[in-house]
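Analysis of the macromolecular model
So you can see what is in the structure, the chains are spelled out below.
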Amino acid sequence: AILSQLGRRRQMNVAMQVWRWMESAQGITRNVYHYNALINVCEKIRDWKMALDLMRQMDEERIPKNEITYSSAISACEKGGN
């Protein structure tokens, strides 16, 4: 929920701090919903490269993508000019 809220406010720096904290915190396993929220932030700030990097990271972590993942990434690419 916090990543989604940060996305609405276009607060990528804070979202990335939360993301890194989630990575190091015990007991928190990032899932497709977390990734989708961060990819949505990328869409809002038009950072298509980060959106695609996050999709690659999902592959590395074997996290399945869903239609929201693809839709947000496509939109980030479109808004970012690619």
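These lines cover the structure that appears in this document, whether it is placed above or below. (Residues numbered from 1 in each chain as written. Predicted model: local features only at pLDDT ≥ 70, side-chain atom pairs only at ≥ 80, totals over all residues. Heavy atoms only, no water.)

1. Here's the deal with helix α5 (residues 67-79)
Cut-off, in case you're wondering: Under the scheme used here, helices are H or I runs from DSSP no shorter than 4 residues and strands are E runs no shorter than 2 residues, and both carry numbers assigned from the N terminus. For a helix, the expected span equals 1.5 Å multiplied by the residue count minus one. Burial classification: accessible surface area is computed with a 1.4 Å probe over protein chains only, and a residue below 20% of its type maximum counts as buried, one above 50% as exposed, and the rest as partly exposed. Contact criterion: two residues are considered in contact whenever any of their non-hydrogen atoms come within 4.5 Å of each other. Here a polar contact is recorded for every N or O atom pair within 3.5 Å, except that within protein the pair must consist of a potential hydrogen donor and a potential acceptor, and residues adjacent in sequence are included only if both atoms are side-chain atoms.
The first and last C-alpha atoms of α5 sit 18 Å apart over 13 residues, in line with the 18 Å expected at 1.5 Å per residue. Buried within α5 are the following residues: T69, S72, A73, S75, A76 and C77. Those residues of α5 that are buried are in contact with α3 (32-45) and α4 (48-60). Taking the backbone nitrogen of I68 as reference, a side-chain oxygen 3.0 Å away marks N66 as the first, capping residue of α5. Once α5 ends, the next one or two residues include G81, with phi positive near 95°.

2. Describing the nonpolar core
This is how it is decided: For the purposes of this section, nonpolar cores are sets of buried Ala, Val, Leu, Ile, Met, Phe, Trp, Tyr and Cys residues that join through side-chain atoms within 4.5 Å.
Within the largest apolar cluster, 22 residues are counted, with the highest numbers of intra-cluster contacts made by L3, M12, W19, L38, I39 and L54. At the level of secondary structure, the elements contributing two or more residues to this core comprise α1 (2-8), α2 (12-24), α3, α4 and α5. Residue contacts for M12: discarding those within four places in its chain leaves L38, V41, C42, I45 and M50.

3. Remarks on the packing of α4 against α5
Put simply, the rule is: Axis lines are fitted to C-alpha atoms, over the contacting stretch for helices. Their N-to-C directions set the angle, which ranges from 0 to 180 degrees. Small angles under 35 degrees read as roughly parallel and large ones over 145 as roughly antiparallel, with 65 to 115 read as roughly perpendicular and the rest as oblique. Here is the rule for handedness: rotate from the far helix to the near one, and if that takes an anticlockwise turn smaller than a right angle the crossing is left-handed, while a clockwise turn gives right-handed.
Taken N-terminus to C-terminus, the directions of α4 and α5 make an angle of 150°; their axes are 8 Å apart at the nearest point. Classed by the angle they form, the pair α4 and α5 counts as roughly antiparallel. The way α4 lies across α5 gives a crossing that is left-handed. Contacts between α4 and α5 involve W48, A51, L52, M55 and M58 from the former and T69, Y70, A73, A76 and C77 from the latter.

4. Remarks on the environment of D53
Here D53 shows up in helix α4. C-alpha separation for the pair D53 and I39, spaced 14 residues apart in sequence, amounts to 9.4 Å. A distance of 2.7 Å separates a polar atom in the side chain of D53 from a polar atom in the side chain of R56.

5. Re α4
Because an α-helix packs 3.6 residues into every turn, residues spaced three or four apart end up facing the same way. Heads up, the condition is: An arc is given here, and it is the one of the directions from the helix axis to the C-beta atoms.
Between its first and last C-alpha, α4 extends 19 Å over 13 residues, near the 18 Å set by a 1.5 Å rise per residue. Among all positions in α4, only A51, L54, M55, Q57 and M58 are buried. Relative to the axis of α4, the buried residues are bounded by an arc of 160° and lie together on one face. Within α4, the exposed residues directed more than 90 degrees away from the buried face are K49 and E60. Taken together, the buried residues of α4 touch α2, α3 and α5. Following α4 by one or two positions, R62 adopts a phi angle in the positive range, close to 55°.

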